[in-house]
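One letter stands for each residue in the lines below.
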Amino acid sequence: MLRLLLQELRFRRNAIIGWAIGLTFLPAIYVGIYPQFEAELAGMQAIMDLEIYQAMGISLGSFEEWVASTVINIVPILVAIYAVMDGTGTLAGEEEAGKLELIVALPIPRWQIVTVKAVAHGIALFLILLLVAISTTIVFLAIESQIETTLVATDLLWGLLYTWPIVMAFGMISLFFGAFAPRRRIAALIATVVVVVSYFGSNLSSQVSSLESIQPLFMFHYLDATAGLFETGPQASDVLILLGIALVAFIWAVVFFQLRDITVGAWPWQRGKIPADTTQSG
Amino acid sequence: MTDYVIETKGLSVYYGRHRGILDVDLNIEKGEVFGFLGPNGAGKTTTQRVLMDVIRPTAGEARMFGKDCQKEGVAARDRVGYLPGELSLYDNMKARQFFKMYFSLQKSNTDPTYWQTLADRLDLDTTRKIRELSRGNKQKVGVVAAFMNKPELLILDEPTSGLDPLLQQTVMELVRETNQAGATIFFSSHMLSEVEVVCDRVGIIRDGQLVTTERVQDLTTQRFKRVRFKFATPPPADAFTQDGVTETTRDEQDVTLEIYEGLDKVMETAVRFGILDIETIPVSLEEIFLAYYGKGNGGSHA
């Protein structure tokens, strides 16, 4: 199994490096430009109080708020895109490419195949966040003396790593849809909708009092993208809920992959019946 | 009690409303080379995929080594080498990396260097990335992967597909040698000539249903007889018009018939025109196959 896990990680090596490099620019720029724009940004707080910006979770009052509302708020969305791509590509993508048949035909239980792929996926997400966190921290160390902040370098590092549970949850949901849906593109579409609805749903429902009751339905509700994250860390209950969602999605992925007819590309309910009126297919 | 390596009973697979296979009863004995014949879409690949638990049966059961392919699939597959028909590999890996990974994922590992022996024999460069290999060379990778663990059962879906004639011969030699070493072989093929040479028995599948399973020799001798008569007097055109008989060629006094049934009646008719010579012409497996599919002479009798 270790060999398969290493192989799965090797398959993701280029993606991990590519996504980490690509994503590094965003937090590095947000952190790096702060000294030049600190005064202007403080003056923009009145604009940021507008509901539209509130809905987007943006606040610029201090460096801590700036980093939380930009880096911590946006990086998980971007990593979630990778989570959707890799999560749906892991089972559905490989099945469509025909690569899964040889692996499934090996004397390995299917649940082990899904588990190894899920672990590799989780490690890949963690490594991307870690690399982004390291580069962001390096940029922070370079500008630390020019800004007024209570943050230390490890706060930024941990702040970004705290987003792993939510991207893992999106990854496992994508894995599940990959095992459930007949085609990868359908799985990716549904998983993307989940990410987008979760993000905007969480922000909008936090601004509209009548929607407050449905806020817990959106996964981004459980991501603390405020300056408070750097002081107290994420709430244990939020982390547990996100990891719980990831676990449930993983279990469903195992169950549906266990039942799945590899190479067929059908919804679960399209299988297992001998219809009265039939035609030959092949 | 017969020692069956593969057993299916009433095996049916439906893809939605479309039938893949229906009520396939198949028994393959230990040490046999069994050829599975049928055109594209007949159900060969579906049957093999059910055995490998790649897809699940809608009805019926499939066993390998007495173990249920679904419930005890891991234990059963541990003794099997498999070459899928629609082979797709991890393109970014070198062939040797793939073999090492594939070997490590087998439970009953045998000889960790046997893949290199096989690769050398098939003249496969294992240092190249799979995406750089031609279709034929990718097929070689699949062949090596199937044979590398010296399995007790080989399930091969079109093993010589995409290979040049020399390599087709090498693969067939490999099949023979593996069989002589005690392995059972279950393979599908469109190359009826290779099936005829290598197989002990064949199964013909049509429209998802197993039409027949016979020893190759029995099939070619029993299905129909092709007889050429030379007559003293040319018989009239309708002389041999009867159920179970098809006149395939006629050249003045020479008449060739394919006789499915009613040989005695044919002989009665023939003697009336004075038989000068009579010759039984061997029937190839290909002709038998086409007859089953109604595409060759005598198809109406299939």
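Residues numbered from 1 in each chain as written. Chains lettered and ligands numbered in written order. Predicted model: local features only at pLDDT ≥ 70, side-chain atom pairs only at ≥ 80, totals over all residues.

Caption draft 1: A look at the pairing of strand β9 (residues 201–206) of chain B. Residues and elements named next belong to chain B. Inspection of the sheet shows strand β3 (residues 33–37) paired to β9 by four bridges, in the parallel sense. Pairing of leucine 37 across the sheet is with isoleucine 204, part of β9. Taken together, the six bridges between β9 and strand β10 (residues 209–215) define a ladder with antiparallel strand orientation. What sits directly across from arginine 201, in β10, is arginine 215. Between β9 and the antiparallel strand that follows it, β10, lie two residues; aspartate 207 among them carries a positive phi value of about 50°. (Pairing = 2+ DSSP bridges. Helix = DSSP H or I, 4+ residues; strand = E, 2+ residues; numbered from the N terminus.)

Caption draft 2: Focus on the nonpolar core. Grouped together as the largest cluster of nonpolar side chains are 164 residues, with contacts concentrated most on Val79, Ile128, Ala169, Met172 and Ala253 of chain A together with Val144 of chain B. Considering each element in turn, this core owes the most residues, 14 residues, to helix α5 (residues 63–96) of chain A. Once you skip the residues sitting within four places of it in the chain, isoleucine 128 of chain A turns out to touch Ile16, Trp19, Ala20, Leu23, Val79 and Tyr82 of chain A. (Core = buried A, V, L, I, M, F, W, Y, C linked by C-beta atoms within 7 Å. Buried ≥ 20, exposed ≤ 12 C-beta atoms within 10 Å, placed from the backbone. Contact = placed C-beta atoms within 7 Å.)

Caption draft 3: Geometry of the environment of isoleucine 103 of chain A. All names here are of chain A. Locating isoleucine 103 in the fold gives a position in helix α6 (residues 100–104). With 21 C-beta atoms counted inside 10 Å, the residue isoleucine 103 sits in the buried group. It is 8.2 Å that separates the C-alpha atoms of isoleucine 103 and isoleucine 113, two residues lying ten residues apart in sequence.

Caption draft 4: Molecular detail of the interface of chain B and chain A. Counting residues at the interface gives 34 residues for chain B, matched by 29 residues for chain A. Counting only elements with at least two residues in the side of chain B that touches chain A, the list comes to β1 (4–15), β2 (18–29), α2 (73–77) and α3 (95–104) of chain B. For the side of chain B that touches chain A, the residue count by class is 13 nonpolar, twelve polar and nine charged. (Nonpolar A, V, L, I, M, F, W, Y, C, P; charged D, E, K, R; others polar.)

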